[in-house]
Amino acid sequence: MKLHLARRYRFSASHRLHNPQFGEEENRRLYGKCNNPYGHGHNYVVEVAVSGTLDPATGMIANLEDLDAFVDREVIEPFDHKYLNEEVAVFRDTVPTTENLCIEIFNRLRRFSAARLERVLVEETGKNSFEYSGETAGANT
Amino acid sequence: MVYLTRKIEFSASHLYNNPAFSVEENRRVFGKCNNPHGHGHNYVLEVTVAGEPDPATGMVLDLKELKDILQTEVTDRMDHRFLNYEVPELAGKIPTCENIAAVIWRLLEPKITRGSLHRVRLYETPDLFVDCYGDRNGAGGAR
């Protein structure tokens, strides 16, 4: 039986979309109000889906306490109430769009050892979300 | 291929306890879900059926038919029940979201005669859910 266990987490952070390789004009045209030099913030929602063998003794794919602790340590703690551009190393030279944020979160969470990471979905607002299943995925749904 | 999803809600109680574990181990593994008196959730179930619309009706399957199947197989069995004691399909299993979703898949799969059951998504809370895709093609079954 193929089962995915999914859990939603939240963090709040600020960012600025700006690529130093582009000029001021180009950045403003490309990123619009997201290019505001002072940055701006969002309440992000991160949906994490994992799969694995259902342990008959516990009825679980993974213990939620383990997953919660891992996500907390790898994502929530380092990202919550931070300025992503300055305080998360990878975004010093990668534009912290939610696409890139989604990939970064996936790469951090794929190290979870108790289950296989299937998908990370990040909602930047209630109206837009981004989903990443790794480079080799796509056969799952 | 078109995917059609119908959503229902049911409320039920459960508790997690494995009689093979000691009292301490049950408490450690299952935490507050081990409370012997049980606790409850408002479950939300989304059932997705895949198929091609019938050219004569424009439908993958009759929604009324799906509604009746969900009523008989899920609501009548699980709504306002204590899942550990009142749902025979869960007897001997820990009624986690994973196991309930798998039981619902097994109950629904043979009843869907038009199109095919694609996914059972069961929300235990808005922040915790399980997707079940059955055993089809054997793909990922052991993962």
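Residues numbered from 1 in each chain as written. Chains lettered and ligands numbered in written order. Predicted model: local features only at pLDDT ≥ 70, side-chain atom pairs only at ≥ 80, totals over all residues.

## Notes on the overall build of chain A
Thinking step 1. Summing up its helical and strand segments, chain A has 4 helices and 5 strands in all.
Thinking step 2. When the helices and strands of chain A are listed from N to C terminus, the series reads β-α-β-α-β-α-α-β-β.
Thinking step 3. With the principal axes as the frame, chain A shows a C-alpha extent of 60 × 30 × 25 Å.
Thinking step 4. A total of 141 residues make up chain A; the buried ones form 30% of that total.
Thinking step 5. Taking as baseline every contact in chain A between residues at least 6 positions apart, the subset at least 24 positions apart corresponds to 67%. (Helix = DSSP H or I, 4+ residues; strand = E, 2+ residues; numbered from the N terminus. Buried ≥ 20, exposed ≤ 12 C-beta atoms within 10 Å, placed from the backbone. Contact = placed C-beta atoms within 7 Å.)

## Digging into the packing of helix H2 (residues 64–79) of chain A against helix H4 (residues 98–109) of chain A
Residues and elements named next belong to chain A.
Thinking step 1. Contact geometry of H2 with H4 gives a least axis separation of 10 Å together with a crossing angle of 140°. One finds that H2 runs oblique with respect to H4. Regarding H2 and H4, the two cross each other, and that crossing is right-handed. Facing Val71, Glu74 and Val75 of H2, the residues of H4 in contact are Ile105, Arg108 and Leu109. (Axes fitted to C-alpha atoms, helices over the stretch in contact; angles between N-to-C directions. Parallel < 35°, antiparallel > 145°, perpendicular 65-115°, else oblique. Left-handed = near helix turned anticlockwise from the far one by under 90°.)

## Observations concerning the interface of chain A and chain B
Thinking step 1. Contacts between chain A and chain B engage 20 residues on the former and 26 residues on the latter.
Thinking step 2. Sort the elements by how many residues they give to the side of chain A that touches chain B and strand S1 (residues 3–15) of chain A lands first, with 6 residues.
Thinking step 3. Here the side of chain A that touches chain B is built from residues that sort into 8 nonpolar, 7 polar and 5 charged.
Thinking step 4. Here S1 of chain A pairs with strand S5 (residues 128–132) of chain B via 5 bridges, running antiparallel. Bridge pairing in S5 of chain B links Leu3 of chain A to Cys132 of chain B. (Nonpolar A, V, L, I, M, F, W, Y, C, P; charged D, E, K, R; others polar. Pairing = 2+ DSSP bridges.)

## Some words on the nonpolar core
Thinking step 1. By size, the foremost hydrophobic cluster in this structure holds 57 residues, and its most contacted members are Val50 of chain A together with Ala101, Ile104, Leu122 and Val130 of chain B.
Thinking step 2. Among the elements that line this core, the one with the most residues is helix H4 (residues 97–108) of chain B, at 8 residues.
Thinking step 3. Ranked by size, the runner-up nonpolar core spans 5 residues in total, among them Leu15, Tyr16, Phe30 and Ile94 of chain B. (Core = buried A, V, L, I, M, F, W, Y, C linked by C-beta atoms within 7 Å.)

## Structural notes on unusual backbone geometry
Thinking step 1. Non-glycine residue His81 of chain A carries a positive phi angle of around 55°.
Thinking step 2. Here His81 of chain A shows up in the loop between H2 and strand S3 (82–83).
Thinking step 3. A positive phi angle, near 55°, is found at His80 of chain B, a position not held by glycine.
Thinking step 4. By secondary structure assignment, the location of His80 of chain B is in the loop between helix H2 (63–78) and strand S3 (81–82).
Thinking step 5. With 11 C-beta atoms counted inside 10 Å, the residue His80 of chain B sits in the exposed group.

## Comments concerning the confidence of the model for chain B
Residue and element names in this part refer to chain B.
Thinking step 1. Averaged over every residue, the pLDDT of chain B is 93; the share at 70 or more is 94%.
Thinking step 2. Residue range residues 138–143 is modelled with pLDDT below 50. Its contacts to residues more than four positions away, or to other chains, number 12 contacts.
Thinking step 3. Quick note on the complex model: pTM equals 0.88, ipTM equals 0.85. (pLDDT = per-residue confidence, 0-100.)

## Topic: the environment of Ile61 of chain A
Thinking step 1. With respect to the helices and strands, the residue Ile61 of chain A is situated in the loop between strand S2 (40–51) and H2.
Thinking step 2. Contacts of Ile61 of chain A, omitting those with residues within four sequence positions, involve Leu3, Leu5, Val50, Ser51, Gly52, Leu54 and Ala115 of chain A together with Glu98 of chain B.

## Some words on the pairing of strand S2 (residues 39–51) of chain B
Residue and element names in this part refer to chain B.
Thinking step 1. Examined bridge by bridge, strand S1 (residues 2–14) and S2 share 13 bridges and lie antiparallel to one another. Bridge pairing in S2 links Thr5 to Thr48.
Thinking step 2. As paired elements, S2 and strand S4 (residues 116–125) share 7 bridges and run antiparallel to each other. Bridge pairing in S4 links Leu45 to Leu122.

## Structural notes on the environment of Arg16 of chain A
Residues and elements named next belong to chain A.
Thinking step 1. Tracing the backbone shows Arg16 in the loop between S1 and helix H1 (24–31).
Thinking step 2. By the C-beta count within 10 Å, which is 20 here, Arg16 ends up buried.
Thinking step 3. For the pair Arg16 and Leu117, spaced 101 residues apart in sequence, the C-alpha separation works out to 28 Å.
Thinking step 4. Contacts of Arg16, omitting those with residues within four sequence positions, involve Asn35, Asn36, Pro37, Gly39 and Asn85.

## Points about H4 of chain A
All names here are of chain A.
Thinking step 1. Between its first and last C-alpha, H4 extends 16 Å over 12 residues, near the 16 Å set by a 1.5 Å rise per residue.
Thinking step 2. Among all positions in H4, only Leu101, Cys102, Glu104, Ile105 and Phe106 are buried.
Thinking step 3. If you follow the buried residues of H4, they end up packed against S2, H2, strand S4 (116–123) and strand S5 (129–132). (Expected span 1.5 Å × (residues − 1).)

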